[in-house]
Amino acid sequence: MRLSETQIQVRDMARQFADEVIRPMAEALDREERFPADLYRQMGELGLFGIGVPEEMGGPGFDTLTYALVMEELSRGYASVADQCGLVELVSTLLVRHGTPAQQQHWLQGLLSAEIKAAYCITEPEAGTDVSGLRTEAVRNGEGWVLNGGKIWIHNAPVADVGFVLARTDKAAGHRGMSIFIVDLKGAGVTRGPKEHKMGQRASQVGALSFADVRLPPEALLGEEGRGFHMMMSVLDKGRVGIAALAVGIGQAGLEAALDYAKQRRQFGKPIADFQGVQWMLADIARDVEAARLLVHSAAAKIDAGEDATRYCSMAKWFASDMAVARSADAVQIFGGSGYIRGFEVERLYRDAKITQIYEGTNQIQRAIIARELLKNGAAA
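Residues numbered from 1 in each chain as written. Predicted model: local features only at pLDDT ≥ 70, side-chain atom pairs only at ≥ 80, totals over all residues. Heavy atoms only, no water.

A. Representation of the overall build of the chain within the structure. The number of helices and strands found in the chain is 11 helices and 10 strands. Since a compact globule built from 381 residues should have a radius of gyration of about 21 Å, the 21 Å found for the chain is in line with a globular shape. Considering only C-alpha atoms, the chain reaches an extent of 80 × 50 × 40 Å along its principal axes. A total of 381 residues make up the chain; the buried ones form 53% of that total. Within the chain, contacts between residues at least 6 apart in sequence are counted, and of these 73% link residues at least 24 apart. Carbon and sulfur atoms make up 53% of the accessible area of the chain, which amounts to about 16600 Å² in all. Across the chain, the centroid of the 42 positively charged side chains sits 5 Å from that of the 48 negatively charged ones. (Helix = DSSP H or I, 4+ residues; strand = E, 2+ residues; numbered from the N terminus. Rg over C-alpha atoms; globule rule 2.2 N^0.38 Å. Buried < 20%, exposed > 50% of the residue type's maximum accessible area, 1.4 Å probe, protein only. Contact = heavy atoms within 4.5 Å. Areas by Shrake-Rupley, 256 points an atom, 1.4 Å probe, with all protein chains shown as cover. Lys, Arg positive; Asp, Glu negative; His and termini not counted. Charge placed at Lys NZ, Arg CZ, Asp CG, Glu CD.)

B. The arrangement of unusual backbone geometry in detail. Notably, Glu33 is not glycine yet its phi reads approximately 55 degrees, a positive angle. Of note, Glu33 is situated in the loop between α1 (5-32) and α2 (37-46). A residue is classified by how much of its surface remains accessible, and Glu33, at 10% relative accessible area, is buried. With a phi close to 55 degrees, Phe268 is a non-glycine residue in the positive phi region. In this fold, Phe268 is placed in the loop between β9 (266-267) and β10 (270-271). Note on Phe268: relative accessible area 79%, which makes it exposed.

C. Structural context of a nonpolar patch on the surface. Residues Tyr340, Ile341 and Phe344 make up a contiguous nonpolar surface patch of about 360 Å² in total accessible area. Tracing the backbone through its elements, the reader meets Tyr340 in the loop between α9 (310-335) and α10 (345-354). Classification of Tyr340 by relative accessible area gives exposed; the value is 72%. (Patch = residues over 30% accessible without salt bridge, like charges linked within 9 Å, V, L, I, M, F, W, Y side chains within 5 Å. Salt bridge = Lys/Arg side-chain N within 4 Å of Asp/Glu carboxyl O.)

D. Fine view of the packing of aromatic side chains. For the structure shown, the criterion picks out 6 aromatic pairs. Ring plane angle 65 degrees and centroid distance 6.0 Å describe the contact between Tyr40 and Phe49, whose orientation is recorded as edge-to-face. One exposure class covers both Tyr40 and Phe49, and it is buried. Judged by centre distance (5.1 Å) and plane angle (65 degrees), the rings of Trp145 and Phe181 are edge-to-face. Of the two residues, Trp145 is situated in strand β3 (residues 144-155) and Phe181 in strand β5 (residues 178-184); the sequence distance between them amounts to 36 residues. Judged by relative accessible area, which is 0%, Phe181 ranks as buried. Following the ring pairs from residue to residue traces out a cluster consisting of Phe35, Tyr40 and Phe49. One cation-aromatic arrangement involves Lys238 over Tyr67; the distance from NZ or CZ to the ring centre is 5.8 Å. (Phe/Tyr/Trp six-rings, centres within 6.5 Å; stacked < 30°, edge-to-face > 60°. Lys NZ or Arg CZ within 6 Å of the ring centre and 35° of its normal.)

E. Expanded view of helix α7 (residues 236-264). Helix length check: α7, at 29 residues, gives a terminal C-alpha distance of 42 Å against a target of 42 Å (1.5 Å per residue), a fit within 8%. Of all 29 residues making up α7, 24 are buried, and the element is well covered by its neighbours. (Expected span 1.5 Å × (residues − 1).)

F. Summary view of the pattern of salt bridges. Inspection of every chain in the model, using the stated rule, returns 33 salt bridges. Across the salt bridge formed by Arg348 and Asp352, the nearest N and O atoms sit 3.2 Å from each other. A residue pair is termed a helical-turn pair when its members lie 3 or 4 positions apart in one helix, as Arg348 and Asp352 do in helix α10 at 4 residues. With respect to burial, Arg348 and Asp352 carry one shared label: buried. Ionic contacts of the salt-bridge type, sharing partners, join the residues Arg15, Asp19, Arg23, Glu73, Arg76, Glu256, Glu345, Arg348 and Asp352 into one network.

G. Structural context of helix α4 (residues 79-98). An ideal rise of 1.5 Å per residue puts 28 Å on 20 residues; α4 measures up with 28 Å between its terminal C-alpha atoms. α4 sits mainly inside the fold: 17 of its 20 residues count as buried.

Listed below in structure tokens is the structure:
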């Protein structure tokens, strides 16, 4: 797939930033589980947040394929950093598509500059893959609302300034009874749980949020009442392309590390790269990274063309995340005992890869989506 000159320039800029700024920090960020606020402000200055926000709203105005290119390069540096880019892309896309001019003016520039930190608040103890289990509720109170409930595993919960919270506004209406609210997470009635200590992507802050009689003004409602589930689903395709691209970045980083190590590590008097068993492992990694990249680019191009891309986004997310787990494991194997030791990049990549099979819809759910789309629309591409 040929890239435009602009796409190549943006990709190369993200790649240079990843090599010169992100990668030297990655090991320390992972070890300390530290939120890199200064790093994110640098990314904001470079225009690496809100890739798809139109120029007239203060964003770069790039397409989904460009977003995927940026996500891959940032993840090649450190997946936790790419995760923040994906989160900003998600909430800014919601604001662009569904926000009022006042909401867009109030929130977008702060999100794009990283001066405002956001959380996308959906998951609950009984509502993960099955959003119908949602218990958080917003009840009308005069012109405004009162919010009660709780969320878990929320990205940025320990540090966020604002939350985009999915809540029930009509218990009897099922999916049509959910709405999204923009909530000040520093306001009265909001409580943060402790930061979770994760297996991988450890600089990405995750935690719980509780809402106890949180009073919301009428302008806190994003879009139409009862359209929250639809709005959430409307950004999932783009979100899955982003995670798939992140997984490709992990795979690419693993390939580069394994290739360099195989040339340097000597056994039986020669580099291990001279052994056919190692060569075949390198070839397998390279093949699957490239296949995943092409699936991601194809899905992104379909979104940009206005086509129904759901099946292709699920394919890309499923394949790329499985690839990242399997092929980062191969990279660890090539490193041998060193690959199992903290401080070696491939050890971190292996841990970072696993969550890509889980978040933004588990890979089991991706299979169900693909089958549903096939049965509904047929096998033709």
